[in-house]
There are 2 protein chains.
Amino acid sequence: MIKKYLLSLQQEICAVLKAEDPELKLLEDPWNYPEGGGGITCALTDGKVIEKGGVNFSHVYGKTLPQAATLKRPELANAPFEAMGVSVVIHPLNPYVPTCHLNVRHIIVKTANGPISWFGGGFDMTPYYGFIDDAIHWHKMAKAACDPFGAELYPRLKKWCDEYFYLKHRNEPRGIGGIFFDDLNEEYGFQFMQSVGEHFIKAYLPIVAKRKSHAFTQKERDFQSYRRGRYVEFNLLYDRGTLFGLQSGGRTESILMSLPPIVNWKYNWLPEKGSEEEKLYKEFLVPKDWI
Amino acid sequence: MIKKYLLSLQQEICAVLKAEDPELKLLEDPWNYPEGGGGITCALTDGKVIEKGGVNFSHVYGKTLPQAATLKRPELANAPFEAMGVSVVIHPLNPYVPTCHLNVRHIIVKTANGPISWFGGGFDMTPYYGFIDDAIHWHKMAKAACDPFGAELYPRLKKWCDEYFYLKHRNEPRGIGGIFFDDLNEEYGFQFMQSVGEHFIKAYLPIVAKRKSHAFTQKERDFQSYRRGRYVEFNLLYDRGTLFGLQSGGRTESILMSLPPIVNWKYNWLPEKGSEEEKLYKEFLVPKDWI
């Protein structure tokens, strides 16, 4: 049932992105995982709106749960596991359209005392040029995804997201956040997963539609390529999903599909005082109650 | 004495690079380390030959040796330490000029039973388009750096380099290797460090001089930007120096100076059969006895 939902979520996300960006190329690549199971990678390229992206489904069986999945549950390390999920990362061409990320996953570990399972995931947004309206809309949708499951949920998962998507070596958040959760083993787990998937689409697509025709120049593209470097740093240094995937011998091209096109590292670059680029750092890359 | 040598090595490398690339801009940035000591970063930008690079000197004191430095010596974890070294990474503009890396370092750990110290480092080369002559020259110089210290040294450090600069998630070496060493506490440690520094210059500069005027088109630049992605993946996922630096709260801009300009990740890209790009994978990115 969860698997069927995840496959339909993948299809739905691909369909709404294609509708928003008719020239987008979608390439479906099924693959097998050596220890059992596999996935379907949907690579997005050469759109007018989306420069590069991916919508991945995977369902794998493994003999030993990787370290990256068990930091908080050392007793489960090396136990047999089953993991299924959908991951989405979108890198738009237009620097006024934010990069976004969604993940929903379900993990089952077989212990001597029976199976232990939990849900994890969330969505977060990484703008290059900030719009307060977009940030409010994004977080309202994040809250709406959580509200049916209790008023305490959104503030808790919002804070968790701010803490998780943080580049310690830069003292900098990755973006404006959203929600993040892990180790969720409530009764409502699967319903919540569906709510997260549904509200991700409601959160992101209107922003894409609103900003995709915003005029830009090479200057904004340069800033976007510079900021994309932070995305790479986060994913390769900290992201649990990326490290879990690589450590468990997952399909590298599917895992690293999250990495952006055209990235530029510059030594000690700083935004000009009073610029729109500086505004991103000062007004958006700060933990904030957006609603 | 070691510190004086390292500072002179930094100056010498900057001078020979500037001589080879007169338009190169060198920016010297001194910095302090919070727990004690500091460094001098020499950032290289906007050359005709070197697109981006860095020649870093650092000498820092820390209260607790980071995990990344002590994988093989768990008993030293969290002990007070002193670390000094020079790191060089050069990303040339011309795709026919290889990227190269040098590191020499000396680490002293203060234990209850007195200080323990060792040397580490090495140099390795990462071509985009391979030349057999260059690979042979590079390894001859690597061997020449080792030979005065025993015939067994080069084969051992060559193998170590092949094993270390390896992208497990790609089943791919980073480049054509060179030499790598760590935990070296022989009497000849400091002499060997000097030999490594000297032979790095003799190894790399003739290759730069020979290839820097090779004609290239956007096609070769695209391949270079794609391959640079592997360099980023290695440094952020595996490189002990990078992780040591970030974990010990080092200066991020100096540590990540190793990251290239203009990098491009493409989904599941493969070289055309029979192309020069495929030749790199088949003939150069394979462990080989080059001499």
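Residues numbered from 1 in each chain as written. Chains lettered and ligands numbered in written order. Predicted model: local features only at pLDDT ≥ 70, side-chain atom pairs only at ≥ 80, totals over all residues. Heavy atoms only, no water.

### Focus on the relation of the copies chain B and chain A
Least-squares fitting of chain B to chain A yields an RMSD of 0.0 Å, with the superposition described by an axial translation of 0.0 Å and a rotation of 180°. This pairing of chains is accounted for by a two-fold axis. Judged by C-alpha distance, Val263 of chain B is the residue of chain B that lies nearest the rotation axis, at 2.5 Å. Interface overlap between copies is the fraction of interface residues in one copy that are interface residues in the other; for chain B against chain A it reaches 100%, indicating a shared surface. (Least-squares fit on C-alpha atoms with pLDDT ≥ 70 in both. Contact = heavy atoms within 4.5 Å.)

### Topic: the packing of helix α2 (residues 132-146) of chain A against helix α4 (residues 189-211) of chain A
All names here are of chain A. Relative orientation of the contacting elements α2 and α4 amounts to 165°, with a least axis distance of 8 Å. Taken together, α2 and α4 sit at an angle that is classed as roughly antiparallel. In this structure, the crossing between α2 and α4 has a hand that is right-handed. Taking contact as the criterion, the partners of Asp133, Asp134, His137, Trp138, Met141, Ala144, Ala145 and Cys146 in α2 are, on α4, Phe192, Ser195, Val196, His199, Phe200, Lys202, Ala203, Tyr204, Pro206, Ile207, Lys210 and Arg211. When the residues that make up the contact of α2 with α4 are grouped by side-chain class, the tally is 12 nonpolar, 3 polar and 5 charged. (Axes fitted to C-alpha atoms, helices over the stretch in contact; angles between N-to-C directions. Helix = DSSP H or I, 4+ residues; strand = E, 2+ residues; numbered from the N terminus. Parallel < 35°, antiparallel > 145°, perpendicular 65-115°, else oblique. Left-handed = near helix turned anticlockwise from the far one by under 90°. Nonpolar A, V, L, I, M, F, W, Y, C, P; charged D, E, K, R; others polar.)

### Some words on unusual backbone geometry
Residue and element names in this part refer to chain A. Unusually for a residue other than glycine, Asp46 sits at a positive phi of about 55°. As for its position among the elements, Asp46 is in the loop between β2 (37-45) and β3 (50-62). Taking relative accessible area as the criterion, Asp46 reaches 51% and is therefore assigned exposed. We note that Asp183 has phi near 55°; this positive angle belongs to a residue other than glycine. With relative accessibility at 21%, the residue Asp183 sits in the partly exposed group. (Buried < 20%, exposed > 50% of the residue type's maximum accessible area, 1.4 Å probe, protein only.)

### Thoughts on helix α5 (residues 218-237) of chain A
For an α-helix the count is 3.6 residues per turn, leaving residues at separations of three or four pointing the same way. With 20 residues, α5 of chain A ought to run about 28 Å at 1.5 Å a step, and its terminal C-alpha atoms sit 29 Å apart, in line with that. Of all 20 residues that make up α5 of chain A, 17 are buried, and the element is covered over most of its length. (Expected span 1.5 Å × (residues − 1).)

### A word on the interface of chain B and chain A
In this assembly, 29 residues from chain B lie in contact with 29 residues from chain A. Carbon and sulfur atoms supply 63% of the area buried between chain B and chain A, which totals about 2,500 Å² over both sides. Per-residue buried area on chain B facing chain A is highest for Glu253, Trp265 and Tyr267 of chain B; these three make up 32% of the total on that side. The partner of Arg170 of chain A in a salt bridge is Glu253 of chain B, with the nearest N and O atoms 2.7 Å apart. Viewed at the interface, chain A and chain B are joined by 15 residue pairs in polar contact (both at pLDDT 80 or more). For the side of chain B that touches chain A, the element with the highest residue contribution is helix α5 (residues 218-237) of chain B, accounting for 5 residues. (Buried area = accessible area lost by both parts, 1.4 Å probe. Salt bridge = Lys/Arg side-chain N within 4 Å of Asp/Glu carboxyl O. Polar contact = N/O pair within 3.5 Å; in protein donor to acceptor, adjacent residues only side chain to side chain.)

### Looking at the pairing of strand β9 (residues 177-184) of chain A
All names here are of chain A. Burial analysis of β9 places 7 of its 8 residues in the buried class, the great majority of the element. Examined bridge by bridge, strand β6 (residues 114-126) and β9 share 6 bridges and lie antiparallel to one another. For Gly121, the partnering residue across the bridge sits in β9 and is Phe181. (Pairing = 2+ DSSP bridges.)

### A look at the sheet that holds strand β9 (residues 177-184) of chain B
Residue and element names in this part refer to chain B. Strand order in the open sheet made by the 7 strands is β1-β2-β3-β4-β5-β6-β9, with antiparallel pairing throughout. Of all the strands in the sheet, the pair left with one neighbour each is β1 (25-32) and β9. Strand-to-strand, the axes of this sheet are offset by a mean angle of 5°, without reference to chain direction. The pairing of strand β5 (residues 99-111) with strand β6 (residues 114-126) spans 13 bridges and is classified as antiparallel. By the bridge assignment, Cys100 is partnered in β6 with Met125. Packed on one face of the sheet, helix α3 (residues 153-164) meets β6 and β9 and runs near 100° to β9. Sitting on the sheet, helix α4 (residues 189-211) touches β4 (81-92), β5, β6 and β9, and the angle it makes with β5 is about 165°.

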